[in-house]
Amino acid sequence: MSERVYTVIPAPRREAIRSMIKRGERVDGRKPEEFREISIEVGVAGNAEGSARVSLGHTKVIAGVKASLGQPFPDSPNAGVQVVHAELIPLASPIFEPGPPDENDIELARVIDRGLRSAPALKLEELVLVPGKQVWRIFVDIYPIDHDGNIIDASGLAAMAALLNAKIPKYTVTAESALLKSEEKTRLPITDIPVFVTLAKIGDAIVIDPSYEEELVMDARITFALTKDGHVCAIQKGGRGGFTLEELTRALEMAQDAAPKIRTKLESVQGSL
Amino acid sequence: MTEKVKVKLLTDDGKRLDGRALNELRPFRIEAGVLKNADGSAYIEWGRNKIIVAVYGPREVHPRHEALPDRMLLRCRYSMLPFSVVEERKSPSPTRREIEISKVIREALEPAIFLEEYPRTSVDVFIEVIEADGSTRVASITAAAVALADAGIPMRDLVAGVSIGKIEGKLAIDLNGLEDQHGEGDMPIAMMPRLREVTLLQADGRFAPEEIIQALDMAREAVLKLYEEQRRALKEKYSKVSLEYE
Amino acid sequence: MPSLHVSSGQIVVPGELVAEGSYEVSGPHMVSGKKYYAKVLSVAIVEKPRKIRLIPLKRSYIPSEGDLVVGKVIDVGPTFWLVDINSPYTAILQASEVFPRPSPTARDLTEIFHVGDIIIAKVLLFDFLHDPLLTVKESKLGKMEKGLLVEVPPTRVSRVIGKKGQVADYLKETFGVELIIGRNGRIVVIGRETDHEAVAAYVIKRLCAEPYIEDPLEAAKKLVSAFPGGGG
């Protein structure tokens, strides 16, 4: 019950947000197609193989990559393993409760996983050392630490930046399938850089990168993950309302316009590594 | 504490592997008020430890039936992020170690707080370890006290802590991960600096009674240094106070 | 030998020694013998050589009987509403405090106030043992129908009022607005134009940004004069 204090938006505020959006204005001064300021810092968790901290406005997410050798999945002996996990921890918001992952934690992890897998971000076939026996298992753990809306996009950025930042030891495989670890480290085999873009429907308007307040007011949201060449590699609709076909087309166009600029931020991280 | 491989933790000239003297602390730095949502927050870097703490409270107790009629309910959750450890990824579910540490951290902070001031409310302390390198519980307590103060929680004193360990028969302050793993003992200690009251004291390994007294003395000195940093962090966060409005 | 351990404007942490000897200390503090310690993260203001005021940087609103508060309805029960009053204590508005006498017919409370509504109310009773009770029976109490809602730290509400209401009067005159000032840090600004409301709200927020202002009226005047057009 205490969380209702944070999820019930005052009626006058709701009215103000909705009526301003009809005029194309957002309460924080942004245009409908404008993202909040993004900052990405990598290498924030030194025991991780790769890590990143992303700020999207006041929303902050930390992601870490841990890599270890292990068995592949039985049905894909020639591929490495990618596991994405996310947790909406109570540290980040008074509306998150402690406990095992609930449907929101799981949805977040699965959406990010799908986007990364379908792009594909990681070339899982290049993470095999001994087919069927020894492969790299890459774990991506996503932890929002401050929730001010649009955790999905911030999480996607953090996960991708952590993967770009990650370094794993180089192994050589002997004729007897023994593994020799070298001193050298190498980056993960990354082939694409998917970017997640979430849009919210408020009345008849579509706005990009909803803030926490806008999420309280929105009718529905839609997330697109986009590859470097503009393909869609994941979609997730959320919220209680629905989208018309026209609204979806508009949202997709807005996402396609926004994605390259967001990707530039990731690429500059990649460049500075 | 393992007995498997004997790792030499002291060099021939008596220095520790990271170059420190036995009574030398690792460098530490605290930042207060780093999160928007939390009522109070702090981030600490101590050696390679990186820990973030959020405090929510006083706020309504959830679930309601857990509310105490005459005081605030203090709850602490210490958790290590899966990528915070050197070895294999840590499973996200709470381990027995994390549960015990959550309890002793709560009991280390509780004596400092004026719980009676806000009956039937709760103050929740959330600790997430981003990078771990030995003595994380005392680093967490040190940061948590800053987060509590940042949240405006009424307290008798801050709380700060340090670990004292044993390396090759000698007492050493502020064990890092390697020293904790391969040393002969670990004694985490936390105190209220002004009141000189010990609120956390644990030990594993073997210590002679005089060593315990000595360890407490070493801890007290270190706690005073940590206290200065706690104060500095809080003052710096709010140093933009102006008496006149420009 | 009395000694002052802080300078005016200094931030003090809980447990920090502020002064020793015969001093007049106001604000949350602890006393041990003749020693005064801060209890909460505060800024210390030395008002006179022997008078210290400790101003908490963050402090929750604790309801007090008679307080005017601006609440947000968060739940509707069978005979009451649950109202968030920006306090660790969620308040209750009983149906009997809305209707002048018990109504024989079953009424749907949601028609009166529903979730999300902002209401102006008064605190009837709070004893820490039970949820605070509100009433809207007096005149000028009830649902906020128009205006802009502004949130400020509850401890700084008194500076928006000012000595003998001077600051509030000045703001009302300058911007041509009505102010409903809730003790719980929520203020309703009602003007003829939404622009006036917005500027007044902005000035109020800026006025409440710092932990301490020696002369709120002067500060308010400075803020207004910094505006192009100077308000009104």
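Residues numbered from 1 in each chain as written. Chains lettered and ligands numbered in written order. Predicted model: local features only at pLDDT ≥ 70, side-chain atom pairs only at ≥ 80, totals over all residues.

Novice: Describe the overall build of chain A, and please don't skip the residues or the numbers.
Specialist: The helix and strand tally for chain A stands at six helices and 12 strands. For 273 residues, the compact-globule estimate of 2.2 N^0.38 gives 19 Å, and the C-alpha radius of gyration of chain A, at 20 Å, lies within 12% of that figure. Principal axes of the C-alpha set define a box for chain A whose edges measure 70 × 40 × 35 Å. Split into buried and exposed, the 273 residues of chain A put 47% on the buried side. (Helix = DSSP H or I, 4+ residues; strand = E, 2+ residues; numbered from the N terminus. Rg over C-alpha atoms; globule rule 2.2 N^0.38 Å. Buried ≥ 20, exposed ≤ 12 C-beta atoms within 10 Å, placed from the backbone.)

Novice: Got a sec to walk through the overall build of chain C? Specific residues and values, please.
Specialist: When you go through chain C residue by residue, the secondary structure sums to five helices and 17 strands. With the principal axes as the frame, chain C shows a C-alpha extent of 70 × 50 × 25 Å. The long-range share in chain C, meaning contacts at least 24 apart out of those at least 6 apart in sequence, stands at 56%. (Contact = placed C-beta atoms within 7 Å.)

Novice: Break down the nonpolar core for me, citing the residues and quoting the values.
Specialist: By size, the foremost hydrophobic cluster in this structure holds 170 residues, and its most contacted members are Ala158 and Ala161 of chain A together with Val53 and Leu109 of chain B. Not counting residues within four places of it along the chain, the set of residues in contact with Leu109 of chain B comprises Leu74, Cys76, Val125, Ile141, Ala144, Ala145, Leu148 and Val159 of chain B. If you look at the next biggest cluster of nonpolar residues, it comprises 47 residues, including Phe113, Ile118, Val123 and Ile187 of chain C. (Core = buried A, V, L, I, M, F, W, Y, C linked by C-beta atoms within 7 Å.)

Novice: Any details on the domain arrangement of chain C? Residues and values, ideally.
Specialist: Under the domain assignment, chain C is made up of domain 1 (3-56), domain 2 (68-143) and domain 3 (148-225). The C-alpha centroid of domain 3 of chain C is placed 29 Å from the C-alpha centroid of domain 1 of chain C. (Domains from an automatic or database assignment.)

Novice: Explain the pairing of strand β8 (residues 51-56) of chain C to me, using residue names and the numbers behind them.
Specialist: Two faces, one strand: in a regular strand the side chains alternate between the faces of the sheet. Residues and elements named next belong to chain C. Across three bridges, the pairing between strand β4 (residues 24-26) and β8 is parallel. The residue of β8 that forms the bridge with Glu24 is Lys51. Alignment of strand β7 (residues 42-48) against β8, held across six bridges, turns out to be antiparallel. Across the sheet, residue Val43 finds its bridge partner in β8, namely Ile55. Linking two consecutive strands that pair antiparallel, namely β7 and β8, is a turn of two residues. (Pairing = 2+ DSSP bridges.)

Novice: For the interface of chain A and chain C, give the residues involved together with the corresponding values.
Specialist: Often, the extent of an interface is quoted as the loss of accessible area on bringing the components together. Contacts between the two partners involve nine residues from chain A, matched on the other side by 10 residues from chain C. For the side of chain A that touches chain C, the secondary-structure elements that each account for two or more residues are α1 (4-7) and α2 (11-22) of chain A. A total of four residues in the side of chain A that touches chain C trace back to one element, the largest contributor, which is α2 of chain A. Here the side of chain A that touches chain C is built from residues that sort into six nonpolar, no polar and three charged. (Nonpolar A, V, L, I, M, F, W, Y, C, P; charged D, E, K, R; others polar.)

Novice: An account of the interface of chain B and chain C is needed here, citing residue identities and associated values.
Specialist: With 29 residues of chain B at the interface, the matching set in chain C holds 27 residues. For the side of chain B that touches chain C, the secondary structure elements donating two or more residues are β3 (49-60), α2 (136-150) and α4 (209-237) of chain B.

Novice: If you had to explain the environment of Ala159 of chain A to someone new, which residues and values would you point to?
Specialist: Checked against the element boundaries, Ala159 of chain A lands in helix α4 (residues 151-165). As a C-alpha pair, Ala159 of chain A and Ile142 of chain A span 17 residues in sequence and 6.7 Å in three-dimensional space.

Novice: So what's going on with α2 of chain A? Which residues, and what values?
Specialist: Helix length check: α2 of chain A, at 12 residues, gives a terminal C-alpha distance of 17 Å against a target of 16 Å (1.5 Å per residue), a fit within 8%. Directly beyond the C-terminal end of α2 of chain A, a positive phi value near 80° is found at Gly24 of chain A. (Expected span 1.5 Å × (residues − 1).)

Novice: Go over the environment of Leu248 of chain A, please, and point to the residues and values.
Specialist: Residues and elements named next belong to chain A. Take Leu248: it is sitting in helix α6 (residues 245-271). The class for Leu248 is partly exposed, based on 18 C-beta atoms found within 10 Å. Once the C-alpha coordinates of Leu248 and Ala259 are considered, the two residues, 11 residues apart in sequence, prove to be 16 Å apart. If we skip the residues at most four places from it in the chain, Leu248 touches Ile222 and Phe243.

Novice: Any details on the sheet that holds strand β2 (residues 10-12) of chain C? Residues and values, ideally.
Specialist: All names here are of chain C. Across the sheet, which stays open at both edges, the four strands sit in the order β2-β7-β8-β4 with mixed pairing between neighbours. What marks the edges here is a single partner per strand, and that holds for β2 and β4. Averaged over neighbouring strand pairs, the angle between their axes works out to 30° when direction is ignored. Note: β2 against β7, three bridges, orientation antiparallel. (Axes fitted to C-alpha atoms, helices over the stretch in contact; angles between N-to-C directions.)

Novice: Please set out the sheet that holds strand β9 (residues 195-202) of chain A residue by residue, giving values where relevant.
Specialist: All names here are of chain A. Read from one edge of the open sheet, four strands run β10-β9-β11-β12, paired in antiparallel fashion. At either end of the open sheet lies a strand with only one pairing partner, and these are β10 (205-208) and β12 (232-238). On average, each strand axis in the sheet is inclined to that of its neighbour by 20°, with strand direction left out of account. Relative to β12, strand β11 (residues 220-226) runs antiparallel, the two sharing six bridges. If you follow Phe224 over to β12, its bridge partner there is Ile235.

Novice: So what about the environment of Glu197 of chain C? Which residues, and what values?
Specialist: Residues and elements named next belong to chain C. Considering the arrangement of structural elements, one finds Glu197 in helix α4 (residues 194-207). With 23 C-beta atoms packed within 10 Å, Glu197 lands in the buried category. Taking C-alpha positions, Glu197 is 20 Å from Asn184, a pair spaced 13 residues apart along the chain. With sequence-adjacent residues up to four places away left out, Glu197 is seen in contact with Gly147, Leu148, Val177, Val189 and Gly191.

Novice: Which residues make up the pairing of strand β17 (residues 186-191) of chain C, and what are the values?
Specialist: Residues and elements named next belong to chain C. Among the six residues in β17, five count as buried, and that is most of the element. Judged from the four bridges that link them, strand β15 (residues 148-151) and β17 form a sheet pairing that is antiparallel. By the bridge assignment for β17, Leu148 is matched with Val189. The sheet contact formed by strand β16 (residues 177-181) and β17 spans five bridges and is antiparallel. The residue of β17 that forms the bridge with Leu179 is Val189. The antiparallel pairing of β16 with β17 creates a hairpin that spans four residues between the two strands, and Gly185 there sits at a positive phi of about 90°.

Novice: Tell me about the packing of helix α1 (residues 96-109) of chain B against α2 of chain B, and please be specific about residues and values.
Specialist: All names here are of chain B. The contact between α1 and α2 brings their axes to 10 Å, and the two run at 45°. The pairing of α1 with α2 is recorded here as oblique in orientation. Of the two elements, α1 crosses α2, and the hand of that crossing is right-handed. Contacts between α1 and α2 involve Ile101, Val104, Ile105, Ala108 and Leu109 from the first element and Arg137, Ser140, Ile141, Ala144, Ala145 and Leu148 from the second. For the contact of α1 with α2, the class distribution of residues is nine nonpolar, one polar and one charged. (Parallel < 35°, antiparallel > 145°, perpendicular 65-115°, else oblique. Left-handed = near helix turned anticlockwise from the far one by under 90°.)

Novice: Give a detailed account of unusual backbone geometry, specifying residues and quantitative values.
Specialist: Residue and element names in this part refer to chain B. Cis geometry is found at the peptide bond from Gly57 to Pro58, where omega equals -5°. You can see Pro58 is positioned in strand β3. That bond from His62 to Pro63 is cis: its omega, 5°, falls within 30 degrees of zero. Mapped onto the fold, Pro63 is located in the loop between β3 and β4 (72-80). You will see that Ser135, though not glycine, has its phi angle at about 65°, which is positive. Looking at Ser135, the number of C-beta atoms within 10 Å reads 27, which means it is buried. A positive phi angle, close to 55°, is found at Arg196, a residue other than glycine.

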